[in-house]
Amino acid sequence: MAELQGAVAVVTGGFRGIGLATAKQLADAGAQVALLDLDESGRRAAEAEVPGGRAFLCDVCNLDQVTQTVDAIAAEVGPISVLVNNAGVTRDNLLLRMTDEEWDLVLNVNLRGTFNMTRAVSRGMIKRRSGSIVNLASVVGVMGNAGQANYASAKAGVIGFTKAVAKELAARGIRVNAVAPGFIDTQMTANLPKRARDSLMAQIPLGKLGQPEDVATVIRFLAGPASGYVTGQVIVVDGGMVM
Ligand code: NAI
């Protein structure tokens, strides 16, 4: 089913993990996909894995780069109709040990990056009176997590941002939703100590970690016409961890 035939989709943090799996899903749905990321080393492999995919180096925290890249995509690939704000980082630390740098980086990439991209891309969507935006939140933004005050704040912010912008842009034909993954097997979670991994696993009713594709298929649904009457929602993809 090529439900996104003719669409141009942008996926930030698209060179690996959930972003790359999402780019593949959107390409499979017929979209031309632009992958944005700042990790030069992953560029070639990512482009090779996404049929018709175009990779752009861009730091979502840097407003000049965001503006230039969004303009370049519109000119070289076409008008953007799907935006997936997936770029994210963690810098875990206990509150009293957390540095200003750790706080600022996590808030900047996860929350300001989402704001920068959404503002830049939604201008064109508003003119065309259509579009779908999907933001990556996290179950941590709903329930909190010790050692992740920065990340929990950023992801809770992403949820608030999603709902505010969904209300603002609904009348312009633009839908805005969020996906809140639980524990997904990517580089972001690869370095968790075995003890923390085991204790997390014990809290997952489905009894296994999620794969990037488990999140990507839900993003594909939210990006496309099958979810045409869904906006302002947060869909949790976590094997039943949070109910
Ligand atoms: P990952 O670490 O495997 O991939 C993140 C990608 O974002 C990387 O390619 C990285 O280079 C890119 N990136 C980082 N900073 C960037 C910036 N400033 N500008 C552009 N690109 C940047 O992470 P993963 O696991 O694929 O996560 C994707 C999203 O899903 C993130 O927003 C993350 O917070 C969220 N998430 C992940 C969960 C997990 O268990 N893996 C759980 C809940 C949410």
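An account of the accompanying structure is given in this report. On a predicted model such as this, the values are computed, not experimentally measured, just so you know.

## Describing the overall build of the protein
Each helix and strand in the protein was counted, giving 9 helices and 7 strands. By the compact-globule yardstick of 18 Å for 243 residues, the protein fits well, its C-alpha radius of gyration being 17 Å. When its C-alpha atoms are laid out on the principal axes, the protein stretches across 50 × 40 × 35 Å. At a minimum sequence separation of 6, the contacts of the protein that also span at least 24 residues come to 69%.

## Examining the site of the ligand
Lining the immediate environment of the ligand, one finds 30 residues, of which Arg16, Asp37, Asn86, Tyr151 and Thr186 sit closest. A distance of 2.8 Å is found between an oxygen atom of the ligand and a side-chain nitrogen or oxygen belonging to Arg16. Between an oxygen atom of the ligand and a main-chain N or O atom of Gly182, the distance comes to 3.3 Å. When isolated, the ligand has an accessible area of 830 Å², and the protein chains bury 95% of it. Elements that contribute at least two residues to the shell around the ligand include exactly α1 (17-28), α4 (100-128), α6 (149-169) and α7 (187-190). Ranked by residue count, the leading element in the shell around the ligand is α7, at 3 residues.

## Section: the sheet that holds strand β4 (residues 82-85)
Within the open sheet, the 7 strands sit side by side as β3-β2-β1-β4-β5-β6-β7. Their pairing is parallel. Of all strands in the sheet, those bounded by a partner on one side alone are β3 (54-57) and β7 (234-237). For this sheet, the mean inter-axis angle between neighbouring strands, taken without regard to orientation, is 20°.

## Focus: the pairing of strand β6 (residues 174-181)
The side chains of a regular strand alternate, first on one face of the sheet and then on the other. Of all 8 residues in β6, 8 are buried, a share of seventy percent or more. In β6, alternate side chains face the same way, and those of Ile174, Val176, Ala178 and Ala180 on one face and Arg175, Asn177, Val179 and Pro181 on the other are all buried. When strand β5 (residues 131-136) meets β6, the two strands line up parallel, connected through 6 bridges. Pairing of Leu136 across the sheet is with Val179, part of β6. Bridge analysis of β6 against β7 gives 4 bridges, and the strand direction is parallel. Bridging from a neighbouring strand, Ala178 pairs with Val234 of β7.

## Some words on a positive patch on the surface
Positive charge collects at one region of the surface, where Arg112, Arg119, Arg123, Lys127 and Arg128 lie side by side. With respect to the helices, strands and loops of the structure, Arg119 is situated in helix α4.

## Considerations on the nonpolar core
Membership of the largest hydrophobic core comes to 29 residues, with the highest contact counts inside it found for Leu4, Leu26, Val33, Leu35, Val179, Val215 and Ile219. Of all the secondary-structure elements, those providing two or more residues to this core are β1 (8-12), α1, β2 (32-37), β4, β5 and α9 (212-223). Among the nonpolar cores identified, the runner-up in size contains 27 residues, and Val8, Ala87, Val121 and Ile174 belong to it.

Rules used throughout
Residues numbered from 1 in each chain as written. Predicted model: local features only at pLDDT ≥ 70, side-chain atom pairs only at ≥ 80, totals over all residues. Heavy atoms only, no water. Helix = DSSP H or I, 4+ residues; strand = E, 2+ residues; numbered from the N terminus. Rg over C-alpha atoms; globule rule 2.2 N^0.38 Å. Contact = heavy atoms within 4.5 Å. Near = heavy atom within 4 Å. Polar contact = N/O pair within 3.5 Å; in protein donor to acceptor, adjacent residues only side chain to side chain. Areas by Shrake-Rupley, 256 points an atom, 1.4 Å probe, with all protein chains shown as cover. Pairing = 2+ DSSP bridges. Axes fitted to C-alpha atoms, helices over the stretch in contact; angles between N-to-C directions. Buried < 20%, exposed > 50% of the residue type's maximum accessible area, 1.4 Å probe, protein only. Patch = residues over 30% accessible without salt bridge, like charges linked within 9 Å, V, L, I, M, F, W, Y side chains within 5 Å. Salt bridge = Lys/Arg side-chain N within 4 Å of Asp/Glu carboxyl O. Lys, Arg positive; Asp, Glu negative; His and termini not counted. Charge placed at Lys NZ, Arg CZ, Asp CG, Glu CD. Core = buried A, V, L, I, M, F, W, Y, C linked by side-chain atoms within 4.5 Å.

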